[in-house]
Amino acid sequence: MDLVSGYKNRVQGVVGRVFGNESSSSSEDSYVERLLDRISNGVLAEDRRNAITELQSVVTESRAAQLAFGAMGLPVLLSVLKEERADVEMVRGALETLVGALTPLGHVRGPENEIQPALLNADLLSREPESIALLLSLLSEEDFYVRYYTLQLLTALLTNSQNRLQEAILTIPQGITRLMDMLMDREVIRNEALLLLTYLTREAEEIQKIVVFEGAFEKIFSIIREEGGSEGGVVVQDCLELLNNILRNNASNQVLLRETIGLDPLVSILKLRGNTYSFTQQKTTNLLGVLETINLLVMGNLVADVGKDTIKLTNKTVLVQKKTLDYLLMLGVESQWAPIPLRCKALKCIGDLIAGNPKNLDILASKFLGEETNPEPALNSILRIILRTSSMHEFIAADYIFKCFCEKNRDGQMMLASTLIPQPQSMTGAPVEDDVNMSFGSMLLHGLTLSENEGDLESCCRAASVLSHVVQDNLKCKEKALQIELEAPSSSLGGLEPLLHRMVKYLAVASSMKNRDGKTNLSESSYTQPIILKLLITWLYDCPSAVQCFLDARPHLTYLIDLVSKSTSSVTVSGLAAILLGECVIYNKSKESGKDAFAIVDVISQKIGLTAYFLRFDEMQKSSLFSAAAAKSSHSHTPLSRSAAASMVEIENEDESTTSANKDEDHPILVPLFDSQFVDFIKNLEASIRESIIDTYSCPKSKVAVVPAELEQVSGESDADYVKRLKSFVDKQCTEIQDLLSRNATLAEDVAKTGGNGQSRAEYTRSSGGGGGGSERVQVETLRRDLQEQSQRVEMLKAEKAKIESEAIMYKTLAAKTESDLKSLSDAYNSLEEVNFQLEKEIKALKLGGAVAAPDIEAIKEEAREEAQKDSEVELNDLLVCLGQEQSKVEKLSERLMELGEDVDVLLEGIGDDAAGGIPGEGEEEEEEEED
């Protein structure tokens, strides 16, 4: 009992502190201790059994007893399980007592700041080195209750100490095998084993592989068939959850499933049997589990992996070959009596199946639904769901299908865009039921204009989201959509109106609806404006003709400026409007005054200010909507457990409560529509807009500036005349600048007077807004900028001219020095030649005299020649180095003078002629001497 005493000493007094009554807890403590003493030291077997029964009863009724048992009883009962296996009743009682000690009373845990006895006991039991192996060995016992309580005890341990139990089971030989054998046991034990394996395989890849090796797929689908497939009970749900745990983020297990038993058993569960109009809660949950399995097979992990991408592509192909797409269309599109969560999940799976798979895209495009006598394209039926459904979740799921269909599918986009044909005015206000016989494009345009007269833009907003997918990254589709012209809502308004202009009109209508009736339309406008702005941004991206069409109506730019600068706009709306305004700059190819990129930047600077404009980008990136999209992309899919499935089933009536209870700035419908892909697109576009606007603003006219002809030097013109003409030009420019300054001052005074008496120019600028002084202010700023540019150019020309003159003087000085050096070298060479000539004369005289032995005249001559040559070569080398350096400087100066319009030949005229004439002559004399 030393171990028991150690446990008791470690938690001495804890019971009193937790439960507040030290005397009462002490009595529980002593009572548990007496029972444990009877179990361990009792003589009669019957008395020991009774003690275990009493202990089991008190542990399941009192938290104090649970805590006391954990301090003293675990070693005692583990000893019973180990040493008294022959006494089945004792083993049963010990296991049942352990299960009670590890189960929270009332099946709920107490406050977090209190000690949880059940959790503490589970931790103590899992720390015992041989406890897990001992419990697994009990699974081979013949007694039904021993196996049953052992599985319950392992499940309780796994619930509280999952990682520790997973590690322990992996180290025990045949541990997983024994658990898998329980799946073929009696129904009650099978269900407990199934639940235990479901907990055990969560995020444990090694255990997942072993379970599959032990035949998990065959056993799981065998149980599902026995239980009745989707019509079965909670056991089918547990089987599907275990299957999903095995397949989640495990590519090898997915390949094994496909190549061993195939995907037919999985797909067969989707077949609706019996009464297809009857969807119980359990049947809905079971079908959700199957759809979750399909999602895992076609989506897998979010981390990009070439091998896993290949597996996913193969899974998609095989699933469509097994007619999975037909069953999903039946559940998500045709079965309108099915619960909303099931329809949404089926639609999401359809989008996952076709994403990135050209064959599956073509199959969906060719699908027809409905009666054989009057079939309808599947895409039309899905579009009708988007336009008609009252469920926010169903709209999002159906919209996801078009996102997946149009992404990197230019042929599919063109197919949909080719059907964009406006209906006659008589059909524009027709009821929504009349769209049955319309084409896809006509139905889409009908949805865009259906609710216009009713003041309800929800249908327009949904259709705009679909249209944004159709035109995304497809210039031909954008051009096709630009050609669409709609009839005016009433004949009094006149002719046709481009679709792009109509969408801008709806954007303004949504804003006015928000202002007129904040309570009624606040929720709707909070997502209508961002979705329409998303369409416009997608449409204008890299499409100059769309930008031109947008700017053709002058009020559009004014409204967009107002939307960016207005304090009542949400952060998201202001930021998206700023992005749209930036696209009017970077994709603007117009040369028309007032519509070109420079004019747009000038308006942004005047009306908003560049600092405030760029601040809209930063505020949008920090908003909850964009943060949620970034966070969503970094987290994996949430497993569909029992609790998650139950919560999904309960969302059927959630839409209205969610919308009405939403107090945030951004509507919850925007979170799935503004996904991480769109957020990244906005971030990249924002960087391009910043760079383009800064470049345009800093040097707006540099690209069109032309050097005046007066600044170029005329051929044959002397330097003095050229400088004189430049001074005259500068004086003329200064006179013009003074005129501009006087005109600028006059305009400034006029603007100030227009603002009213006693009102400063700055005050008037703030108060006038878009009033009559706006044009004068723009002209004043334009003149001021032109004046600054001319002044800077004049100063630059003066500085360049002074620099050129100083460089010309320096060049002349260097040329004179070079000429002097050449002349000195020529004199030295001539003196050497004279000395050489004298020596030769003396040698000839000595030869004629014959009195002295004639020296080696040729040797002396050669020695003198070499000495003279060495001296001359040293000086020549030094001179050549100097000449090379000067020549390099001359070339650079010549290039600079040519850039500035100077005639280099005229400047160098007459320099170095004497030197150039003298050097060749000397070279000829040297050659003649060498020949002698």
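## Some remarks on the overall build of the protein chain
Next, step 1: Looking only at helices and strands, the protein chain features 47 helices and 4 strands.
Next, step 2: In the protein chain, the share of contacts with a sequence separation of at least 24, taken over all contacts with a separation of at least 6, comes to 73%.
Next, step 3: Here the protein chain has roughly 46000 Å² of accessible surface; of this, 52% comes from carbon and sulfur atoms.

## Quick word on the pattern of salt bridges
Next, step 1: Tallied over the full model, the rule gives 32 salt bridges.
Next, step 2: Two residues, Lys283 and Glu231, come together in a salt bridge whose shortest N-O distance is 3.0 Å. Taken together, the residues span a long stretch of sequence, with Lys283 in helix H18 (residues 281–299) and Glu231 in the loop between helix H14 (216–227) and helix H15 (234–247) at a distance of 52 residues.
Next, step 3: Taking the relative accessible area as the measure of exposure, Glu231 reaches 42% and is therefore partly exposed.
Next, step 4: Among the ionic contacts, a cluster of salt bridges with common partners joins Glu46, Arg49, Asp87 and Glu89.

## Digging into helix H22 (residues 358–365)
Next, step 1: Regarding H22, the residues found buried are Asn360, Leu361 and Leu364. All buried residues of H22 fall inside an arc of 105 degrees around its axis, so they share one side. Those residues of H22 that are exposed and angled more than 90 degrees off the buried face are Pro358, Lys359 and Asp362.

## Examining helix H21 (residues 340–354)
Next, step 1: Taking 1.5 Å as the rise per residue, H21 with 15 residues should run 21 Å; its terminal C-alpha atoms sit 22 Å apart, in good agreement.
Next, step 2: With 14 of 15 residues buried, H21 is to be regarded as a mostly interior element.
Next, step 3: Gly356 sits one or two residues past H21 and shows a positive phi near 70 degrees.

## Observations concerning the packing of helix H34 (residues 571–586) against helix H41 (residues 676–698)
Geometry of a packed helix pair, given as the angle between the helix axes and the separation of the axes.
Next, step 1: Two elements in contact, H34 and H41, have axes whose closest approach is 9 Å; the angle formed by their N-to-C orientations is 50 degrees. Judged on the interaxial angle alone, H41 and H34 are oblique. Helix-helix and strand crossings are classified by hand; for H34 and H41 the assignment is left-handed. Packed against H34, whose contacting residues are Leu576, Ile579, Gly582, Glu583, Val585 and Ile586, the element H41 presents Phe678, Ile682, Leu685, Glu686, Ser688, Ile689, Ser692 and Ile693 at the interface.

## Notes on the side chain of Thr285
Next, step 1: With respect to the element layout, Thr285 can be found in helix H18.
Next, step 2: In this structure the side chain of Thr285 is engaged in a polar contact, spanning 2.9 Å, whose partner is the backbone oxygen of Gln281.

## Re the packing of aromatic side chains
Next, step 1: Applying the stated criterion across every chain yields a total of 12 aromatic pairs.
Next, step 2: Pairing Phe144 with Tyr145 gives two aromatic rings, centres 5.2 Å apart and planes at 80 degrees, and the pair type is edge-to-face.
Next, step 3: Among the aromatic side chains, those forming a connected cluster through ring pairs are Tyr541, Tyr587, Phe674, Phe678 and Phe681.

## Observations concerning the nonpolar core
Next, step 1: By size, the foremost hydrophobic cluster in this structure holds 215 residues, and its most contacted members are Phe69, Leu81, Leu179, Leu364, Met503, Trp539 and Tyr613.
Next, step 2: Element by element, the count of residues in this core is highest for helix H5 (residues 63–83), at 11 residues.
Next, step 3: Non-local contacts of Leu179, meaning those with residues more than four positions away in its chain, are made with Leu136, Leu139, Leu151, Leu154, Ile169, Ala193, Leu196, Leu197 and Leu200.

## Considerations on unusual backbone geometry
Next, step 1: Within the chain, Lys323 stands out as a residue other than glycine whose phi angle is a positive 65 degrees.
Next, step 2: Here Lys323 shows up in the loop between helix H19 (306–321) and helix H20 (324–334).
Next, step 3: We classify Lys323 as exposed; its relative accessible area is 51%.
Next, step 4: For Asp473, which is not glycine, the phi dihedral falls at a positive 55 degrees.
Next, step 5: Structurally, Asp473 is set in the loop between helix H28 (458–471) and helix H29 (475–482).

## So, the state of the cysteines
Next, step 1: Going through the model one piece at a time under the given rule, you end up with 0 disulfides.
Next, step 2: No disulfide involves Cys543; its sulfur sits 9.3 Å from that of Cys549, the nearest cysteine.
Next, step 3: According to the relative accessible area criterion, Cys543 is buried, its value standing at 0%.

## A word on the environment of Val235
Next, step 1: Looking at where Val235 falls in the secondary structure, it is placed in helix H15.
Next, step 2: Residues Val235 and Ile224, spaced 11 residues apart in sequence, show a C-alpha to C-alpha distance of 7.8 Å.

## With respect to the packing of helix H13 (residues 205–213) against helix H16 (residues 251–259)
Next, step 1: Closest axis-to-axis distance for the H13/H16 pair is 10 Å, and the angle between their directions is 15 degrees. Taken together, the axes of H13 and H16 are roughly parallel relative to one another. Judged by the twist between their axes, the crossing of H13 over H16 is left-handed. Contacts between H13 and H16 involve Gln208, Lys209 and Val212 on the former and, on the latter, Ser252, Asn253 and Leu256.

## Section: a negative patch on the surface
Next, step 1: A surface patch of like charges, here negative, comprises Glu858, Glu862, Glu863, Glu866, Glu867, Asp871, Glu875 and Asp878.
Next, step 2: Considering the arrangement of structural elements, one finds Glu862 in helix H45 (residues 857–899).
Next, step 3: What makes Glu862 partly exposed here is its relative accessible area of 41%.

## Overview of the side chain of Ser137
Next, step 1: Turning to its location among the elements, Ser137 is positioned in helix H8 (residues 131–138).
Next, step 2: Apart from residues no more than four positions distant in its own chain, Ser137 is found in contact with Arg85 and Arg178.

## Looking at the environment of Ser268
Next, step 1: If you trace the backbone, Ser268 turns up in helix H17 (residues 264–268).
Next, step 2: Residue classification places Ser268 among the partly exposed residues on the basis of a relative accessible area of 23%.
Next, step 3: For Ser268 and Ser230, which are 38 residues apart along the polypeptide, the C-alpha to C-alpha distance reads 9.4 Å.
Next, step 4: Within the structure, the side chain of Ser268 is placed 2.8 Å from the backbone oxygen of Pro265, a separation counted as a polar contact.

Cut-offs and rules
One numbering rule holds for all chains: residues counted from 1, following each sequence as written. The predicted origin of the model limits local features to residues at a pLDDT of at least 70 and limits the giving and counting of side-chain atom pairs to 80 or more, whereas totals for whole chains, interfaces and linings rest on all residues. Hydrogens and water are ignored here; the side-chain numbers use all heavy atoms of the structure. Runs of E in the DSSP output that reach at least two residues are strands. Runs of H or I that reach at least four are helices, and both are numbered from the N terminus. The contact criterion used is simple: two residues touch if any of their non-hydrogen atoms lie within 4.5 Å. Accessible areas in this description were obtained via Shrake-Rupley with a 1.4 Å probe; residue shielding takes into account the shown protein chains only. When a carboxyl oxygen of Asp or Glu lies within 4 Å of a side-chain nitrogen of Lys or Arg, that pair is called a salt bridge. Exposed residues in this analysis have more than 50% of their type's maximum accessible area, buried residues have under 20%, and partly exposed residues fall in between, with area computed by a 1.4 Å probe over protein chains only. Taking the helix axis as origin, the arc is that swept by the directions to the C-beta atoms. The length a helix should cover is 1.5 Å for every residue beyond the first. Inter-axis angles, ranging from 0 to 180 degrees, are taken between N-to-C directions of lines fitted to C-alpha atoms, where helices are fitted over the stretch in contact. Put simply, angles under 35 degrees are roughly parallel, angles over 145 are roughly antiparallel, angles from 65 to 115 are roughly perpendicular, and the rest are oblique. Left-handed is the label given to a crossing in which the near helix is rotated counterclockwise from the far helix by less than a right angle, and right-handed is the label when the rotation is clockwise. We define a polar contact as two N or O atoms separated by no more than 3.5 Å, with the added condition that, inside protein, one atom must be a possible hydrogen donor and the other a possible acceptor, whereas residues neighbouring each other in sequence contribute only through side-chain atom pairs. Classification of ring pairs rests on two measures: the distance between centres of Phe, Tyr or Trp rings, Trp counted by its six-membered ring, which must be within 6.5 Å, and the angle between planes, read as stacked under 30 degrees, edge-to-face over 60 and tilted in between. Nonpolar cores are built from buried Ala, Val, Leu, Ile, Met, Phe, Trp, Tyr and Cys residues. Side-chain atoms within 4.5 Å join them into one set. Throughout, disulfides are identified as pairs of cysteine sulfur atoms within 2.5 Å of each other. The patches described consist of residues with a relative accessible area above 30% and no salt bridge, like charges being joined within 9 Å and nonpolar side chains (Val, Leu, Ile, Met, Phe, Trp, Tyr) within 5 Å. Counted charges follow a simple rule, with Lys and Arg positive, Asp and Glu negative, and His plus the chain ends left uncounted. Lysine's charge is taken at NZ, arginine's at CZ, aspartate's at CG and glutamate's at CD.

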